[in-house]
Every structure is written in structure tokens, then in C-alpha cells.
Amino acid sequence: MMEKNLIGWQKQPNKLNIQGTIEKAIQLITGEEVDLTASGRTDAGVHAIRTSC
């Protein structure tokens, strides 16, 4: 298997990324263009705080 140097999820011009790679694969299989959207919580301060019960 060939190693790939992905730069992250979001599409960026002239950079290898997960979103663009999956969209290209879907287009090759289905012949249709898609625009994927991901959801995540990486904002500062969104982690749960453990408290005693």
C-alpha cells in the first residue's frame, strides 16, 4: 500500500486531504459530484468535566 501524507479533513487547494479523497472516490464509483460535510466538537472548553457522584 502506498503511504499518503494527508493534511487533515477539510479540502484545501492543491493539498491532499480526507474530504477531497473521499469525494473523488464517490465520484469515480457513482459518476456524481458530492460535497461532504463533517461535524465535530474541537472548540476550546467543550470537554466534559468529571465530577463525583
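Note that the structure is predicted; figures quoted are calculated from it, not measured.

Asker: Explain the overall build of the chain to me, using residue names and the numbers behind them.
Answerer: If you tally the helices and strands in the chain, you get 1 helix and 0 strands. In the chain, buried positions account for 8% of the 53 residues. Across the chain, every contact between residues at least 6 apart in sequence was considered, and the portion connecting residues at least 24 apart equals 9%. Within the structure as shown, the chain displays about 5300 Å² of accessible surface, and the carbon and sulfur contribution to it stands at 54%.

Asker: How would you explain the pattern of salt bridges if you had to name every residue and give the values?
Answerer: Evaluated as defined, the whole model comprises 2 salt bridges. Between glutamate 23 and lysine 11 there is a salt bridge, and its shortest N-O distance comes to 2.9 Å. In this pair, glutamate 23 is assigned in helix α1 (residues 18-30) and lysine 11 in the segment before α1, connecting sequence segments 12 residues apart. Since its relative accessible area comes to 7%, glutamate 23 is described here as buried.

What counts, and where the lines are drawn
- Residues numbered from 1 in each chain as written.
- Predicted model: local features only at pLDDT ≥ 70, side-chain atom pairs only at ≥ 80, totals over all residues.
- Heavy atoms only, no water.
- Helix = DSSP H or I, 4+ residues; strand = E, 2+ residues; numbered from the N terminus.
- Buried < 20%, exposed > 50% of the residue type's maximum accessible area, 1.4 Å probe, protein only.
- Contact = heavy atoms within 4.5 Å.
- Areas by Shrake-Rupley, 256 points an atom, 1.4 Å probe, with all protein chains shown as cover.
- Salt bridge = Lys/Arg side-chain N within 4 Å of Asp/Glu carboxyl O.

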